[in-house]
Each structure stands twice: as structure tokens, then as C-alpha cells.
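Summary of structural features
Take a look at the letters that make up each chain.
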Amino acid sequence: MVELRERWLVFSAWPYVNAIPHLGNLIGSILSADVAARFLRMRGAEVVFASGSDQHGTPIEVEALKRGVDPEKLADEMHEKVSELFRRWNISFDIYTKTHNPTHIEFVREFYRRVFENGYIFSDVVQTLYCPVDNIYLPDRFVEGTCPYCGYPRARGDQCDNCGRLLDPLQLIEPRCVLCGSRPIVKESKHWFLDLSKLADRLREYIEGNPHLPENARNMSLQMLKEGLRPRSLTRDNKWGIPAPFPGAEGKTIYVWMEAVLGYVSAVKEYFERRGEPWRWREFWLDKSTKSVYFIGKDNIPFHTIIFPALLMASGEGYVLPWTVASTEYLLFEGEKFSKSRGIGVWIDEALELLPADYWRFALIWMRPEVRDTSFSWKGLQEVINSVLNDVIGNFVHRTLTLVKRRFDYVIPDPGELRGRDSETLQDAWGRVDKVEEEMLAFRFKRALSGVVDIASLGNAYLNEMRPWEEPLQEAAKTLFVACSLVKTLAVTLAPVIPESAQRMWELLGYSGRVEEAGWSEAKQPVRPGLRIGEPQPLFRKISDEELKAMQAKLEAIRGRSTG
């Protein structure tokens, strides 16, 4: 257990709810954050694990206008869908909220009022596209045209989906309004900007003085500071968003990226308001000893190491700055980028129609792209489930419990005095637990999971060596006591990754209560002799080649159903 109860804020990037997230989105932020939150709770830390649906901005507004529905209705429907999917994936949020709610809206407006008063915001007149037919300005996704870099004809005003380059609407060749298709004109419009250059010295001091930031995040951030920080646009001319609170900014909204990031603070505030402890969010956000970790994709690093810390500094409120960011590389699908329109990838709603959540959770953490881009493949999924989850972990647990049933009538035996080989095995396993814990604390979950699987491999080798099915009863008691202790170690160390299966292991050993509440330290405590085990049942099952083909055919059928 942690001696002084650490306070942790665990955050995942807020999914933009114009679409269901795919497996790459999930492993890059939400699933990784869930593993961290579960682990830190098991170590005795006080954790608030928060995220929410990013609902504002032009993508949702454009889609709502095309469908003839209210943006709020569309955004809330998607929020409910995504929230339910995260529940089915067993994501243990303390709060999963949304940006279109009174706590967040009020917090953002008050926050920017203060930053404005502190002198970090200025206004300027800029050129922007305007549709004379619809009589509206055309920010971001209200306009499409040809990409000036790759020539893609349907590039959007904020980004080209083909080459990935970030764009400004004025850069588009032959721009057109997405609502009516007409060619826009250029008009002037007054907008507000965050003056990042005023915060450059403090940001450099923060980044250089924070030893917990990963090297790639530090290098990327210092390079941006070296090149010079440009002002960051804060406002947009669209209606669906939070009204800008600056004098003379009537009719403007806060740019979605610049308000959703403040949800990290407002969500914690809302969490404690819901609990009837409205003051407690400050204990987390204003206490310098609070540790915070942000699980994000690598493309999102500068937002969390430069822009978000700059905003926190500019508020003058003394908010605790990010302790670290945990970014992944990209998860590809059979070597290609996920693409809904081209049918490349698996989305989180589809996945649950094919396999239980724990199978996906295990496979995704096993494949987690921690060092380089990693490609998901159907054969790779089959290999992980069959050869690792089933043959190593499931096989060891089932062999052990079946032998306890057969030789000791369902009761975990008292070993008496352990042999040298028994003590060695336990010490070896518990030494590996220490290494797993080290990796978990560094948020290297792929390496941590590999270490847990090694403990199951150690258990299988130990059973093969000792042969408790033919040992004299007194000797078999020692072997199976050690093996059951290793099953207990597996139940504890796997709980953050595959919570349902770990709980089943725990209960099969004869324990009551929740394995996660027992705590991480139980991984290095032997099993309690005399416990009556449950009826041994295989925890997992293999996926045959035929079933793998059937799963892919089912996926096509699901997509036909949703588009038909």
C-alpha cells in the first residue's frame, strides 16, 4: 500500500462524439487510462478518473444542419451511445461527462474571463470565408475544397483527411460551402487569441524542470518553444459552442479545442459536486503534491505540454500542471490507417458483437503501440487469444484448480513446510511482480502484461516439473499450494487489464469480495489454505480458423445492417 495516500488525477483524451471511437482511439487513451486508474486504486491511491464527450464545434453543427436536427440533440444522442459502450467495455470512470453541461460551460466562461483580465488575450481582425447564400461565416468544417498539398478534392477547412495536413480554410483551392455548394467570399471578422509568447519562459521552465515527462514529449515541446510560440485562436464564428465571454465578442463561440481541454478541470469539479463535496475538487487541482497523467495519442502531445499548461498558468489560480503525459504511437489495422468510409478497422461497438470485452482488452494491451506504430491483424488477434490468454494463463489456472479438485476434494491444502524448490518458485514469481509494478508505474502496460504472462509460464513449468498428479499426497499439497498462490498472483496482477476474468479467478480460488479491493500487495501474499475452490471451468476459449472467418463475415453483416 502507498504509505501516504497519493492523490492521482487520471485523464483520457475526450472523444469527439461525431462518431463512435475505433480500437485505435480506445487503446490510445481510454483503455490505457482505465488500466492506470484500476492499478493506482489497487495500490491505495485516491484516484479521480475522468473524461467526457467533446460535443461542440463545427463537425457536429454541420452534421446536424444536414440532418435538419438540433446540434444538442445529435450530440446528446451520441454521448449516450458512447457512454453505454464504455460501460460495456468495463471502463471504470469516476465520471464520464460531456462538454454541453452547465458546470463546464460556466467554468469555461469564468476561466477565460480571468485569463482575459490577466492580460493574456488580445483581439485582431482576420480574413475568413463567408457564404453569401447562407449568410454565415465558414469556419473549419463548414467549407471543403482541394488540398493545396496533395490535391485531394474533398479536403476540409481544418484538415485534409488524405494527407493529414492541418489546414486553414483560406488555403483551400476552389473552396465551397458544405451547406449549399456555392463559392464563398473573403470577409473580415474580429477574433480573440491567446498570447502564448508571454508564457514561453514559464513553459520552458516547467518542461525542463519536469523529469516525469517522456523524452518525446519533452523534445517536441522544447522544439516548439525554440521555434517561437504563435498566438492561438480562441474564437469561432459558429453558433454551436460556448459563448465567448470577452467584451465585444457577442455572437462568437470559444473554439472547441480550447474549451474541451478545460474539461479536465471542470469534470473533477462536477464529480465532487455530484458527491455533495463541492469544495474537494480544489484539494486535487490546487495541491502541488497531486499527480496527474494524461493518456493521449502522439499527435496530441503539444496540446497537453504547451497549450493546456499555458492556460493553467495564465489563469493565475495555481492549478497543478500535468505531472506526465502517456502517449502511444498509432495502432494500424492490417498495416493501414483506420478508415470508416473505406471499411478499414474495427469500431468499439462492432468489437463487442464479436468477442467479450476482456478478450479485446487483453489483446489491445498486448499489442499496445508503446515504442512504434503497431499493426492489428485478425491472425495476430487469434494468436494472442489462443497462444497467450488461453494456452498460458487459462491453461495454468485450469490445470491447478482441476488438480486441487481431484486430489484434495476442492480444498486448498495446507502445505506444511515448503521445499526449497517451492520457496524459490514463489520468490521468483514475486520478484517478477515487483518488475510488473515498476512497468505499471511507468505506464508501460504492454511490458507489464508480458511480465504477468511470464508468471503464468513459470507456473506451468513448475507444475510440469513437480508433477502433482502423481506426487505423494503430502508432496502434492506443497506443489498445489504454491500453484494456487500463483493463481492468486495472476488474479491480482491481471485485474487492471481483464477485470471480469481476474474476478472469476479470485472467486474460483474461494475468495469473496472484489479482487481490486483486496489491493495490489496481495499479489505477493500466499493463498489461504483451507479455502474451498469453485467448480473448475475454463476461463477462456480458443478461436478456430473457421470462427475467425465467421467473425469477419459477421462484421461485414453488421456493417450492411447499419448502412442498409
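Residues numbered from 1 in each chain as written. Predicted model: local features only at pLDDT ≥ 70, side-chain atom pairs only at ≥ 80, totals over all residues. Heavy atoms only, no water.

Per the stated rule, a full pass over the model turns up one cavity of 30 Å³ or more. In this structure, the largest cavity occupies an estimated 60 Å³ of space. In this structure, the largest cavity is lined by 13 residues; those nearest its centre are G57, R236, N238, Y255 and V256. Contributing elements (two or more residues each) for the lining of the largest cavity: strand 12 (253–254) and helix 7 (256–260). Here the lining of the largest cavity is composed, by residue class, of four nonpolar, six polar and three charged. (1 Å grid on protein atoms, 1.4 Å probe; cavity = no way out; pocket = protein on both sides within 12 Å on 5 of 7 lines; lining within 4 Å. Points joined across faces, edges and corners; volume = space filled by probe spheres on them. Helix = DSSP H or I, 4+ residues; strand = E, 2+ residues; numbered from the N terminus. Nonpolar A, V, L, I, M, F, W, Y, C, P; charged D, E, K, R; others polar.)

What follows is about the pairing of strand 13 (residues 291–297). Where burial is concerned, most of strand 13 is hidden: six out of the seven residues are buried. Looking at chain direction, strand 1 (residues 7–12) and strand 13 are connected through five bridges and run parallel. If you follow W8 over to strand 13, its bridge partner there is K291. Regarding the hand of the β-α-β motif, the stretch spanning strand 13, helix 10 (residues 301–315) and strand 14 (residues 324–328) is right-handed. (Buried < 20%, exposed > 50% of the residue type's maximum accessible area, 1.4 Å probe, protein only. Pairing = 2+ DSSP bridges. Right-handed = clockwise from strand over helix to strand, strands pointing away.)

An order of 7-6-8 is seen for the three strands of this open sheet, with the pairing classed as antiparallel. One side of each edge strand has no neighbouring strand; the edge strands of this open sheet are strand 7 (155–156) and strand 8 (173–177).

Of all hydrophobic cores here, the largest spans 124 residues; its most connected members are V10, L23, W360 and W378. Here this core gets 14 residues from one element, more than from any other, and that element is helix 13 (residues 378–408). In this structure, V268, F272, W285 and F303 belong to the second largest nonpolar core, which totals 61 residues. (Core = buried A, V, L, I, M, F, W, Y, C linked by side-chain atoms within 4.5 Å.)

Let us look at helix 6 (residues 215–227). A rise of 1.5 Å per residue sets the reference length of helix 6, with its 13 residues, at 18 Å; its end C-alpha atoms lie 18 Å apart and thus fit the reference within 8%. Buried within helix 6 are the following residues: A217, R218, S221 and L225. Buried residues in helix 6, looked at end-on, bunch into an arc of 95 degrees, giving them a common side. In this structure, helix 6 carries E215, K226 and E227 as exposed residues pointing more than 90 degrees from its buried face. The inward-facing, buried residues of helix 6 contact helix 5 (200–208), helix 10 and strand 14. (Expected span 1.5 Å × (residues − 1). Arc of directions from axis to C-beta. Contact = heavy atoms within 4.5 Å.)

The next point concerns the packing of helix 5 against helix 6. At their nearest, the axes of helix 5 and helix 6 sit 10 Å apart, and the two run at 160 degrees to each other. Overall, the two elements helix 5 and helix 6 adopt an arrangement that is roughly antiparallel. The element helix 5 and its partner helix 6 pack so that their crossing is left-handed. Facing helix 5, whose interface residues are A200, L203, R204, I207 and E208, helix 6 presents R218, S221, L222 and L225. Split by residue class, the contact of helix 5 with helix 6 holds five nonpolar, one polar and three charged. (Axes fitted to C-alpha atoms, helices over the stretch in contact; angles between N-to-C directions. Parallel < 35°, antiparallel > 145°, perpendicular 65-115°, else oblique. Left-handed = near helix turned anticlockwise from the far one by under 90°.)

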